[in-house]
Amino acid sequence: IGNINTLQSDDIRNTIIIGTKDYRCSIGKLNGTALILRSNTKCTLKSSLSLLPCDYPNYQIVQIYDVHDVEFKGGKIVGDMMEHPYTPGSSHEWGHGISIKNAQRVKVSSVFVSQCIGDGIVVGGWLEPNTNVYDKAAKQVRLENIVSDDNRRQAMTISHADGVVVKNCRFTNTGKTKYTAPSAGLDIEPN
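Residues numbered from 1 in each chain as written. Predicted model: local features only at pLDDT ≥ 70, side-chain atom pairs only at ≥ 80, totals over all residues. Heavy atoms only, no water.

Caption draft 1: Highlighting the overall build of the protein chain. On a plain count of helices and strands, the protein chain comes out with one helix and 20 strands. The C-alpha atoms of the protein chain give a radius of gyration of 15 Å, which matches the 16 Å a tight globule of 191 residues would have. Each principal axis of the C-alpha distribution contributes one length, and for the protein chain these read about 45 × 40 × 35 Å. The burial tally for the protein chain puts 50% of its 191 residues in the buried class. (Helix = DSSP H or I, 4+ residues; strand = E, 2+ residues; numbered from the N terminus. Rg over C-alpha atoms; globule rule 2.2 N^0.38 Å. Buried < 20%, exposed > 50% of the residue type's maximum accessible area, 1.4 Å probe, protein only.)

The following block contains the structure:
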């Protein structure tokens, strides 16, 4: 996964196919992310990407941040909810399967996301440091044929965004195995 992150370039059209082997991955200490998708990238996952247990209260298994023209299709994204070492004093509600922030022209389709300590999918913008102001909304995001099942906080959150289309998706069993509030299927926030 690290090689995939390193070899992508915003300056070319990247085509990534992750084969049929099931992968167990860890989160990088510097960015809290396993797979980072850059601008002009089409990634097809033909297997599962499962997170090894980590003690981070914030992570993204697939990160689509501050980019444009990205497609992510297929496979399974599985969080570490069952083996996560929860620590007292932290809600551990910010571990997401797929996180799309300040991204434009993004399509995610035919993905199964489960067992994240936070949201299966989150679409939004940035919270500017030392302020309470959201900036740089996600725009023109299309989510199709996604199943977000048995995540701890939400199946999907849409916060600071413009032009999000959600089609033929299922949001099921949120908070069934492990729970943290609000534990909703679809959360649309007024940011």
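Caption draft 2: Highlighting the pattern of salt bridges. Here the structure, examined in full by the defined rule, presents eight salt bridges. Note that Arg-13 and Glu-71 form a salt bridge whose closest N and O atoms lie 4.0 Å from each other. Here Arg-13, found in the loop between α1 (2–7) and β1 (14–18), pairs with Glu-71, found in strand β7 (residues 68–73); they are 58 residues apart in sequence, far enough to count as distant. The partner of Arg-24 in a salt bridge is Glu-83, and the shortest N-O contact between them spans 3.8 Å. Taken together, the residues span a long stretch of sequence, with Arg-24 in strand β2 (residues 23–25) and Glu-83 in the loop between β8 (76–78) and β9 (94–101) at a distance of 59 residues. Several salt bridges share partner residues, and in doing so they unite Glu-93, Asp-119, Arg-153 and Glu-189 into one network. (Salt bridge = Lys/Arg side-chain N within 4 Å of Asp/Glu carboxyl O.)

Caption draft 3: How the structure looks around the sheet that holds strand β20 (residues 184–188). Judged by pairing direction, the sheet is parallel, and its six strands sit side by side in the order β3-β6-β9-β12-β17-β20 without closing on themselves. Lying at the two open borders of the sheet, with one neighbouring strand each, are β3 (33–36) and β20. In this sheet, adjacent strand axes meet at a mean angle of 15 degrees when their direction is disregarded. Bridge analysis of strand β12 (residues 119–124) against strand β17 (residues 154–158) gives four bridges, and the strand direction is parallel. Residue pairing in the sheet places Ile-121 in a bridge with Met-156 of β17. (Pairing = 2+ DSSP bridges. Axes fitted to C-alpha atoms, helices over the stretch in contact; angles between N-to-C directions.)

Caption draft 4: Representation of the sheet that holds β7 within the structure. Pairing in this open sheet of six strands is parallel, and the strands run β1-β4-β7-β10-β15-β18 from one edge to the other. Looking at which strands have only one partner, the edges of the open sheet turn out to be β1 and β18 (161–167). Strand-to-strand, the axes of this sheet are offset by a mean angle of 10 degrees, without reference to chain direction. By the bridge criterion, five bridges tie β1 to strand β4 (residues 41–45) in an arrangement that is parallel. Residue pairing across strands places Ile-18 opposite Leu-45, the latter belonging to β4.

Caption draft 5: The environment of Asp-150, seen in detail. In this structure, Asp-150 sits in the loop between β16 (147–149) and β17. In this structure Asp-150 touches Met-81, Ser-114, Gln-115, Cys-116, Thr-172, Asn-173, Thr-174, Lys-176 and Thr-177, once residues within four positions along its chain are discounted. (Contact = heavy atoms within 4.5 Å.)

Caption draft 6: Representation of the nonpolar core. Counting residues in each nonpolar core, the largest one holds 39 residues, and the members touching the most others are Val-62, Ile-64, Phe-72, Ile-77, Ile-98, Ile-100 and Val-108. The residues touching Ile-64, leaving out its near neighbours within four places in the chain, are Leu-37, Val-70, Ile-98, Ser-99, Ile-100, Lys-101, Ala-103, Val-106 and Val-108. (Core = buried A, V, L, I, M, F, W, Y, C linked by side-chain atoms within 4.5 Å.)

Caption draft 7: A look at the side chain of Asn-14. By the secondary structure assignment, Asn-14 is in strand β1. Here Ser-9 takes part through its backbone oxygen, which lies 2.7 Å from a polar atom of the side chain of Asn-14. In this structure the side chain of Asn-14 is engaged in a polar contact, spanning 3.2 Å, whose partner is the side chain of Thr-41. Not counting residues within four places of it along the chain, the set of residues in contact with Asn-14 comprises Leu-7, Gln-8, Ser-9, Ser-39, Asn-40, Thr-41 and Lys-42. (Polar contact = N/O pair within 3.5 Å; in protein donor to acceptor, adjacent residues only side chain to side chain.)

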